[in-house]
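Chain residues, written in single-letter form:
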Amino acid sequence: MKHPVLEVKHLVKQYRTVEAVNGISFSISRGTCFGLLGPNGAGKTTALEVIEGIIPPTAGEVLYNGAYKTDSFREEIGIQFQHTTLLNFMTVRETLLTFKSLYLDTENIDYLIDTCKLHDILHQMNNKISGGQAQRLMLALALINKPKLIFLDEPSTGLDPQARRYLWEIIRKIKDKGKTIVLTTHSMDEAEYLCDEIAIMDHGRIIAQGSPPELVERYCEGGTISLPRDNVFMSLTDLPFPYREVNGRVEIMIDKVNTGIEKLLAMDIDLAEMTVHSPNLEDVFLTLTGRKLRD
């Protein structure tokens, strides 16, 4: 029987009067990307640091390949921290070679340079590269010891949309090579794009868990059809759906999009300039907590 790569059981981390992590449990299958999703202060980074062995738990346990972690655990994982300070007087290439010297079994440097797209900045000083370039370098450093399990703590925070998407593509290719990834994020798009399974955290607890489609199906129903008010010639009270008026448009809440559109057509309502919003992860979180993740 194959064990999950990682099992977290009833994990607690308490700081005096604050319980940052409050009894969370989950397991992660080999070769998947598992996301801890939640707003700032939800406990994601603290949970990750306990799992990684950087700080001790107050209670609970973490199993790696079905057994308690040994000294080899740190040799077999890669970590991309949310904030890391690199030496300004070193180049990108010198930094890679320095980190390579810290491990016995290491990845080929040229492979890392190619995978993380570092060719153009190899001879630049660490303090002269952009945020997106720095994140790609951090990812290369997390891969340098050939890790089987990789932890990424909000890897794309602060990046512009183009740099963020570029980094996501690199992470997906790494996962496609069979690596197991644990990712923390408060970005809906990042979680939907990268994660096979998600645990949503808030106030130190896991409040929902499943694949992105499962979570949407479980916690959100239907969708919203938006039309210009002038398209709806009748009294709005005659609509067979709940609705609201917003900035000259009518937002109609329906259980099933296709059925809703068919009913509106049967009522001879003009569907020109119609927009349809289907539920997503942000709607899931709003349903569960009453506030958006980015608040």
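Data block above holds the structure.
This structure is a prediction, so every number in the text was calculated from the model and none was measured.

**Student:** It is not clear to me how the packing of helix α8 (residues 212-219) against helix α10 (residues 281-289) should be interpreted in this structure. Could you clarify?
**Tutor:** The angle between the axes and the distance between the axes are what describe a pair of packed helices. At their nearest, the axes of α8 and α10 sit 9 Å apart, and the two run at 45 degrees to each other. When the axes of α8 and α10 are compared, the pair comes out oblique. Crossing hand, α8 versus α10: left-handed. Only Leu 281, Val 284, Thr 287 and Leu 288 of α10 make contact with α8, whose side of the interface consists of Pro 212, Leu 215, Val 216 and Tyr 219. Its residues assigned to classes, the contact of α8 with α10 shows seven nonpolar, one polar and no charged.

**Student:** What is the right way to read the sheet that holds strand β14 (residues 275-277) from this model?
**Tutor:** Strand pairing in a sheet relies on backbone hydrogen bonds. The paired strands run either parallel or antiparallel. The antiparallel open sheet is built from four strands, whose spatial order is β12-β13-β11-β14. Each edge of the open sheet carries a strand with a single partner, namely β12 (243-246) and β14. Averaged over all pairs of adjacent strands, the angle between their axes in this sheet comes to 25 degrees, without regard to strand direction. Pairing of β12 with strand β13 (residues 249-254) involves four bridges; the strand directions are antiparallel. When the sheet's bridge partners are listed, Val 246 is paired in β13 with Arg 249. Contacts from helix α9 (residues 257-266) reach β11 (223-228), β13 and β14, with the element oriented near 30 degrees to β11.

**Student:** Looking at this model, I keep getting lost on the side chain of Gln 135. Mind explaining?
**Tutor:** Along the chain, Gln 135 falls in helix α5 (residues 131-143). Residue Gln 135 is classed as buried on the basis of its relative accessible area of 11%. In this structure, Gln 135 is in contact with Gln 80, Glu 154, Pro 155, Ser 156, Leu 159 and Leu 167, ignoring residues within four places of it in sequence.

**Student:** How should I be thinking about the pattern of salt bridges in this particular structure?
**Tutor:** Where charged atoms of side chains with opposite charge meet at close range, the side chains can pair. On inspection of all chains with the given rule, the structure shows five salt bridges. With its nearest N and O atoms 3.3 Å apart, the salt bridge here joins Lys 146 to Asp 105. Taken together, the positions of Lys 146 in the loop between α5 and β7 (149-153) and Asp 105 in the loop between α3 (92-100) and α4 (109-115) put the pair 41 residues apart, joining distant regions of the chain. Notably, a salt bridge pairs Arg 229 with Glu 245, separated by 3.8 Å at the nearest N-O pair. On the criterion of sequence distance, the pair formed by Arg 229 in the loop between β11 and β12 and Glu 245 in strand β12 is long-range, its members being 16 residues apart. When its relative accessible area of 54% is taken as the criterion, Glu 245 is described as exposed.

**Student:** Explanation requested: the environment of Gly 53 in the structure shown.
**Tutor:** Note that Gly 53 resides in the loop between α1 (44-52) and β4 (59-64). The partly exposed category is assigned to Gly 53, whose relative accessible area is 27%. Taking the C-alpha atoms as reference, Gly 53 lies 57 Å from Ala 272; in sequence the two are 219 residues apart.

**Student:** Which parts of the structure should I look at to understand the sheet that holds strand β8 (residues 180-185)?
**Tutor:** One open sheet holds the six strands; their spatial order is β6-β7-β8-β3-β9-β10, and the pairing between them is mixed. The two strands at the open ends of the sheet, each matched to only one other strand, are β6 (77-80) and β10 (205-210). Put simply, the sheet's adjacent strands are angled 15 degrees from each other on average, direction ignored. In terms of strand pairing, strand β9 (residues 197-202) meets β10 through five bridges, oriented antiparallel. Opposite Ile 198, over in β10, you have Gly 210 as the bridge partner.

**Student:** Please clarify how α5 should be interpreted in this entry.
**Tutor:** Counting along an α-helix, one turn takes 3.6 residues, and residues three or four places apart therefore face a common direction. Under the 1.5 Å per step criterion, the end-to-end length of α5 is 19 Å for 13 residues, consistent within 8% with the ideal 18 Å. Listed as buried for α5 are Gly 132, Ala 134, Gln 135, Arg 136, Leu 137, Met 138, Leu 139, Ala 140, Leu 141, Ala 142 and Leu 143. The inward-facing, buried residues of α5 abut β6, α3, α4, β7 and α6 (161-176).

**Student:** For this particular structure, what's the right way to read the nonpolar core?
**Tutor:** A general tendency of soluble globular proteins is for nonpolar side chains to be buried together. Ranked by size, the top nonpolar core spans 45 residues in total, and within it Leu 96, Leu 118, Leu 137, Leu 139, Ile 181, Ile 198 and Ile 200 carry the most contacts. Counting residues per element, this core draws most heavily on α5, which supplies seven residues. Residues Leu 6, Leu 36, Leu 48 and Val 182 belong to the second largest nonpolar core, which totals 25 residues.

**Student:** Please explain the packing of aromatic side chains as it appears in this structure.
**Tutor:** Two aromatic rings, taken as a pair, are described by how far apart their centres are and by the angle between their planes. Enumeration according to the criterion identifies three aromatic pairs in this entry. Judged by centre distance (4.6 Å) and plane angle (15 degrees), the rings of Phe 26 and Phe 34 are stacked. Comparing Phe 26 with Phe 34, the two get one shared label, buried. Residue placement shows Arg 165 over the ring face of Tyr 193; its charged tip is 4.8 Å from the ring centre. The ring of Tyr 193 is capped by Arg 172, whose NZ or CZ atom sits 4.6 Å from the centre of that ring.

What counts and how
- Counting starts from 1 at the beginning of each chain's written sequence and moves along it residue by residue.
- Selection of residues for local features in this predicted model requires a pLDDT of at least 70, selection of side-chain atom pairs for listing and counting requires 80 or more, and totals for whole chains, interfaces and linings are taken over all residues.
- Excluded from the side-chain calculation are hydrogens and water; included are all heavy atoms of the structure.
- An axis is simply a line fitted to the C-alpha atoms; with a helix, the fit covers only the stretch in contact. Between two such axes, the angle follows the N-to-C directions and lies from 0 to 180 degrees.
- Under the scheme used here, helices are H or I runs from DSSP no shorter than 4 residues and strands are E runs no shorter than 2 residues, and both carry numbers assigned from the N terminus.
- When describing relative orientation, an angle under 35 degrees is termed roughly parallel and one over 145 degrees roughly antiparallel, while 65 to 115 degrees is termed roughly perpendicular and anything else oblique.
- Take the far helix as your reference; a near helix turned counterclockwise from it by less than a right angle gives a left-handed crossing, and one turned clockwise gives a right-handed crossing.
- Contacts between residues were defined by any pair of non-hydrogen atoms, one from each residue, lying within 4.5 Å.
- Any residue outside Ala, Val, Leu, Ile, Met, Phe, Trp, Tyr, Cys, Pro, Asp, Glu, Lys and Arg is labelled polar, Gly included; the first ten of those are nonpolar and the last four are charged.
- Here the rule is simple: two strands pair whenever DSSP picks up at least two bridges between them.
- Exposure categories follow from relative accessible area, calculated using a 1.4 Å probe and restricted to protein chains: below 20% of the type maximum is buried, above 50% is exposed, and the middle band is partly exposed.
- Criterion for a salt bridge: a side-chain nitrogen of Lys or Arg within 4 Å of a carboxyl oxygen of Asp or Glu.
- In a helix, the anticipated span is given by 1.5 Å times the number of residues less one.
- Put simply, buried Ala, Val, Leu, Ile, Met, Phe, Trp, Tyr and Cys residues joined by side-chain atoms within 4.5 Å make one nonpolar core.
- The aromatic pairing rule takes the rings of Phe, Tyr and Trp, using the six-membered ring of Trp, and pairs them if the centres are within 6.5 Å, calling planes under 30 degrees apart stacked, those over 60 edge-to-face and the rest tilted.
- The criterion is that NZ of a Lys, or CZ of an Arg, lies within 6 Å of the ring centre and within 35 degrees of the ring normal, and then a charge sits over that ring.

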